[in-house]
Amino acid sequence: MPKDGRLVIPRDMCIEGTDIPRASPDSTWKYLGVLFTPYGLLSGSVGGIIQSVNKLMYSRMTPLRKLVSLRSYVMPSYIHRLVLTDFKTKMLRSVDVAIRRAIRVALRIPHDTPNAYLYAPIADGGLGVMELATAIPELREARVRRARCALFGVQDETPEVTRVERSRKRAEKWHGTADGRHMRTARKVTESTAWVKADDGKVPRWRTLAAIKTQCNGIPTRARMTRGRNGVTSCRNGCSARETANHIIQMCPVTRRARCRRHNCVCTLFSGYAQRKGWTVMAETIINLDGSRLKPDLIIVRNDVAYIIDVAITCNEDTYPMGRVFNNKMDKYGATTVKEVIMELTGMQRVEMVPAILTWRGLWLEKSAKMLKRLVPSFILEWASRRTVDGSGYIWAAYMRNERSRARTEPSQGQL
Ligand SMILES: [Zn+2]
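Note that the coordinates shown come from a computational prediction; the quantities given were computed from them, not determined experimentally.

Trainee: Give a description of the overall build of the chain that names residues and reports values.
Mentor: If you tally the helices and strands in the chain, you get 14 helices and 11 strands. Relative to the compact-globule value of 22 Å for 416 residues, the chain shows a C-alpha radius of gyration of 28 Å, a clear excess of over 25%. Summarising its shape, the C-alpha atoms of the chain cover approximately 105 × 55 × 40 Å along the three principal directions. Buried positions account for 34% of the 416 residues belonging to the chain. Relative to all contacts within the chain whose residues are 6 or more apart in sequence, the contacts with residues 24 or more apart total 66%.

This is the structure we're talking about:
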């Protein structure tokens, strides 16, 4: 219809018996999921997406289920429209900001945790959320390229950015930050981070929130809260060490009991599975050798082989890598004298040492995970990672609940 309002087509138009509907200037219609007006494509509005995300994130679902719903249902439902409608990058960025804000509130992620944590793939230790401002233009470009190729046979010379490259880029961004450095090896054992995708809905909410805080290194320790500023950074329980997350969770004597509990929880997973399978299980058997006393966590006998399983939840710093703990365990329990004692004890001809080594942020050592997967299914390893991060979160809560640890002027960070 022209601007002066004159009709250029007859009032009632009919072609071969089919009525052709007329459109007024303000009418809109949906075609293949995209809105059109008589003047062309209707430029999009982002209100609907933000509303859906907020509705989900402020609902009463468990935190991890919210995340799964956002990643797998809410955001994919808008991708088609976002790619085909004319959304400006500025608009997409505003949606990203709203989504990030909703996630941070729902999962209690500290404001100084890098955005890269939200966008890194789950296998690389992130939350796997899509960043619209970068993903939508890339998807749009790929679609136009395919359409051009199909319609006109035009082959684009520039290489296409693949999905794998895109996710690698997002992972690199997260691993390049101080908080994300620890997760560099996460992809080697995908069981380490699979718990983010699976939630049985039975774990208390505060434990999940503490687990997420542990995974993203967001525990508000004194060292973290005074980053780049002057202030007291020593342990609030009187140790001379700096109060870092590593100190609270792995070293501080105040949290020793909670640490033992976390260790036992992981051991129980393996022994529980073995018992259900009807294998012989010996827990904490004391082995006396000349001048030394050893106590491996578990001895499991399966198909004529005795396995010694010893769990260690450790850090993975450059100065103290996980591999060193693995080697120490191998040296300690893999010695011929120890094996001979266990052969005698179990009556088996073969004894194998399987150290179960993972970090306090739930990452498995690749060697250790490979050995364990020959013995137990991979879901046990996933559960062990979940219990470890859960346990680390619990240790932090225990540290903060300690009478001496909470100064009058400091907020109760342990009470989530
Ligand atoms: Zn301390």
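Trainee: Residue-level account of the packing of helix α3 (residues 89-107) against helix α5 (residues 132-152), with values.
Mentor: The N-to-C vectors of α3 and α5 enclose an angle of 135 degrees; their axes lie 8 Å apart at closest approach. It follows that α3 is oblique to α5 by the angle criterion. Residue-level inspection shows Thr89, Leu92, Arg93, Val95 and Asp96 of α3 in contact with α5, the latter providing Leu132, Ala133, Ile136 and Pro137. Residue classes in the contact of α3 with α5 are distributed as 6 nonpolar, 1 polar and 2 charged.

Trainee: So what's going on with the nonpolar core? Residues and values would help.
Mentor: Looking at soluble globular proteins, one finds that nonpolar side chains tend to be buried together. By size, the foremost hydrophobic cluster in this structure holds 86 residues, and its most contacted members are Ile103, Ile308, Ile309, Leu358 and Trp396. The element best represented in this core is helix α14 (residues 378-401), accounting for 9 residues. Mapped onto the domain boundaries, this core takes at least three residues apiece from domain 1 (47-177) and domain 2 (180-416). Setting aside residues no more than four positions away along its own chain, isoleucine 103 makes contact with Met57, Ile109, Leu118 and Val129.

Trainee: I'd love a proper account of helix α6 (residues 163-175), names of residues and values included.
Mentor: Taking 1.5 Å as the rise per residue, α6 with 13 residues should run 18 Å; its terminal C-alpha atoms sit 18 Å apart, in good agreement. Among the residues making up α6, those that are buried are Arg170, Ala171, Trp174 and His175. Projected down its long axis, α6 shows its buried positions confined to an angular sector of 135 degrees, all on one face. Buried residues along α6 sit in contact with α4 (115-119).

Trainee: Explain the sheet that holds strand β9 (residues 298-302) to me, using residue names and the numbers behind them.
Mentor: Read from one edge to the other, the open sheet built from 4 strands follows the order β6-β9-β10-β11, with strand pairing classed as mixed. For this open sheet the edge positions go to β6 (280-283) and β11 (350-359), each flanked by a neighbour on one side alone. Across the sheet, the mean angle separating the axes of adjacent strands is 20 degrees when strand polarity is ignored. Relative to strand β10 (residues 305-314), β9 is paired through 5 bridges, and the arrangement is antiparallel. Looking across to β10, one finds that arginine 302 is bridged to valine 305.

Trainee: Break down the sheet that holds strand β5 (residues 40-41) for me, citing the residues and quoting the values.
Mentor: Strands belonging to one sheet form pairs held by backbone hydrogen bonds; the direction of such a pair is parallel or antiparallel. Read from one edge of the open sheet, 3 strands run β3-β4-β5, paired in antiparallel fashion. Strands at the two margins of the open sheet, each flanked by one partner only, are β3 (29-31) and β5. Relative to strand β4 (residues 34-37), β3 runs antiparallel, the two sharing 3 bridges. The residue of β4 that forms the bridge with lysine 30 is leucine 35.

Trainee: Got a sec to walk through unusual backbone geometry? Specific residues and values, please.
Mentor: Although it is not a glycine, asparagine 217 sits at a positive phi angle of roughly 60 degrees. Its place among the elements puts asparagine 217 in the loop between α7 (205-215) and α8 (222-225). Overall, asparagine 217 belongs to the buried group, with 22 C-beta atoms counted inside 10 Å. A positive phi is found at aspartate 304, a non-glycine position, where the angle reads about 65 degrees. As for its position among the elements, aspartate 304 is in the loop between β9 and β10.

Cut-offs used in this document
Residues numbered from 1 in each chain as written. Predicted model: local features only at pLDDT ≥ 70, side-chain atom pairs only at ≥ 80, totals over all residues. Helix = DSSP H or I, 4+ residues; strand = E, 2+ residues; numbered from the N terminus. Rg over C-alpha atoms; globule rule 2.2 N^0.38 Å. Buried ≥ 20, exposed ≤ 12 C-beta atoms within 10 Å, placed from the backbone. Contact = placed C-beta atoms within 7 Å. Axes fitted to C-alpha atoms, helices over the stretch in contact; angles between N-to-C directions. Parallel < 35°, antiparallel > 145°, perpendicular 65-115°, else oblique. Nonpolar A, V, L, I, M, F, W, Y, C, P; charged D, E, K, R; others polar. Core = buried A, V, L, I, M, F, W, Y, C linked by C-beta atoms within 7 Å. Domains from an automatic or database assignment. Expected span 1.5 Å × (residues − 1). Arc of directions from axis to C-beta. Pairing = 2+ DSSP bridges.

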